Amino acid sequence: MNLQMRGDNMGIYKASSLKELLSKEVLNNVVDDIKDMKIYSIDTSGLSGSKMYKLKINTNDNSKNLYLKVNNLKEDWLARVSNDKGRELTIFKDGIFNKIEEFIKDVYIAYYENSDCYAILMNDMSDFIGSEKNSDDYYAYLDNLAKFHAKFSEHDILRYKSLLSVEDYYYFLTEEKLNQVEEFKEDNCYGWKKLREFLGEDRYKKYCKFENVDQNFSYYPKTFVHGDYRPDNALYIDKDDVRFIDWANSGCGPCTLDLFWYLMSSVDNKVDKIDLIYYYKESLEKNLGYSFTKKTWDTLTRVGVLCACRMFLPALISRSNLNDKFAIYNLQWWLESLIIILDDLKIK
């Protein structure tokens, strides 16, 4: 059986059941002469409630590791609050896969889905996880992010209704939703409490009740966004080849959502963010073949900062050492940027 002969895409096999996904018929396409297989559960960090398993496959000559991700959409709290019906599998659709293939090359083998869950079988790429290797090569991460964003127009992805919208991102990780998970509750409450103090009551209410993001900003282009771009979810092959994994938070939005999420979650406090922002902008414009007008880039920046802060700023506050001057400077930069945007908003 050739893994490319079935499914709705060009190269990732769609199994008819979880049993078939783990069958020798499927596994023999990547591992020859299978003798036996053992499956181990893996503890993973992050917001999602999906489960990861390591498959150790022994042959007569050696052994090979594969990984299996299983997400029960009814049990995963993040899937429930974001109305996830298998969003991560969008990358295997025809209109997406042919544009994204270079960014997921060699990662995925096959997948299975039904209305309640999905499972993805993957090669072992653990040697290249970005958080373990070259996580401070910011220019490489930004170059590859820009190259990815330039592949898509809004027209390419609007038809995929499973993807998160800008409005979805803004209400994605609210205080109420994160309080549903015991392990996040304490830090989350502290972060939101401090954010309320920093913003002041009037701004805080405006921030929390803000709706209809697109209607309150002038037009800006949208693209396919990863939604959780950081070294933990990237494979650093080399500086010109950074690949992406974990697409559960993918959506249709401003490229700057990924940019500012990355800057907030993954860049050292001492690094000049303005330099990285303009480096990304120049790389994106080079890949697009045209330059943004000042008005368009200003709008992209404002929407990106607003959404990234909404998704991660309370967590950043709770994780920051307030006795470290560079951590303080970093928080001040984000808070001042957010306050400027909030004070300028004239809600329609």
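Here the structure is a predicted model, which means the values were calculated and not measured. (Residues numbered from 1 in each chain as written. Predicted model: local features only at pLDDT ≥ 70, side-chain atom pairs only at ≥ 80, totals over all residues. Heavy atoms only, no water.)

Participant: Report on the overall build of the protein, specifying residues and quantitative values.
Facilitator: When helices and strands are counted, the protein shows 14 helices and ten strands. Against the globule reference of 20 Å for 348 residues, the protein gives a C-alpha radius of gyration of 21 Å, in line with a compact fold. Taken along the three principal axes of its C-alpha coordinates, the protein extends 65 × 45 × 35 Å. Across the 348 residues that make up the protein, the buried fraction comes to 51%. The contacts of the protein with a sequence gap of at least 6 include a subset with a gap of at least 24, amounting to 70%. Total accessible area on the protein stands at roughly 16,700 Å², and carbon and sulfur atoms take up 46% of it. Averaging the coordinates of the 48 positive side-chain charges in the protein and doing the same for the 56 negative ones gives two points 3 Å apart. (Helix = DSSP H or I, 4+ residues; strand = E, 2+ residues; numbered from the N terminus. Rg over C-alpha atoms; globule rule 2.2 N^0.38 Å. Buried < 20%, exposed > 50% of the residue type's maximum accessible area, 1.4 Å probe, protein only. Contact = heavy atoms within 4.5 Å. Areas by Shrake-Rupley, 256 points an atom, 1.4 Å probe, with all protein chains shown as cover. Lys, Arg positive; Asp, Glu negative; His and termini not counted. Charge placed at Lys NZ, Arg CZ, Asp CG, Glu CD.)

Participant: Pulling in residues and values, what's your account of the nonpolar core?
Facilitator: By size, the foremost hydrophobic cluster in this structure holds 97 residues, and its most contacted members are Ile 100, Tyr 108, Tyr 207, Phe 224 and Leu 313. Of the residues forming this core, the biggest block, 13 residues, is contributed by helix H13 (residues 294-319). With sequence-adjacent residues up to four places away left out, Phe 224 is seen in contact with Ile 91, Ile 96, Ile 100, Phe 148, His 149, Phe 152, Ile 157, Leu 163, Trp 247, Ser 250 and Gly 251. Counting 17 residues, the second largest nonpolar core, distinct from the first, contains Ala 15, Ile 109, Tyr 112 and Ala 119. (Core = buried A, V, L, I, M, F, W, Y, C linked by side-chain atoms within 4.5 Å.)

Participant: So what's going on with the confidence of the model for the protein? Which residues, and what values?
Facilitator: Per-residue pLDDT for the protein has a mean of 90; in total, 93% of the residues score no lower than 70. For residues 4-9, every residue scores under 50 in pLDDT, and the model assigns this stretch 17 contacts once sequence neighbours within four places are set aside. (pLDDT = per-residue confidence, 0-100.)

Participant: I'd like a description of the packing of helix H5 (residues 138-149) against helix H12 (residues 273-288), backed by residues and values.
Facilitator: Relative orientation of the contacting elements H5 and H12 amounts to 35°, with a least axis distance of 8 Å. Here H5 and H12 pass one another in a crossing that is right-handed. From H5, Tyr 138, Tyr 139, Leu 142, Asp 143, Leu 145, Ala 146, Lys 147 and His 149 reach across to H12, where they touch Asp 275, Leu 276, Tyr 279, Tyr 280, Ser 283, Leu 284 and Asn 287. When grouped by side-chain class, the residues that make up the contact of H5 with H12 number nine nonpolar, three polar and three charged. (Axes fitted to C-alpha atoms, helices over the stretch in contact; angles between N-to-C directions. Left-handed = near helix turned anticlockwise from the far one by under 90°. Nonpolar A, V, L, I, M, F, W, Y, C, P; charged D, E, K, R; others polar.)

Participant: Describe the pairing of strand E4 (residues 63-72), with residues and values.
Facilitator: Both strand E3 (residues 51-59) and E4 contribute to a ladder of eight bridges, which runs antiparallel. Following the sheet pairing, Met 52 is matched in E4 by Lys 69. The loop that links E3 with its antiparallel partner E4 comprises three residues. Both E4 and strand E6 (residues 117-123) contribute to a ladder of seven bridges, which runs antiparallel. Looking across to E6, one finds that Leu 66 is bridged to Asn 123. (Pairing = 2+ DSSP bridges.)

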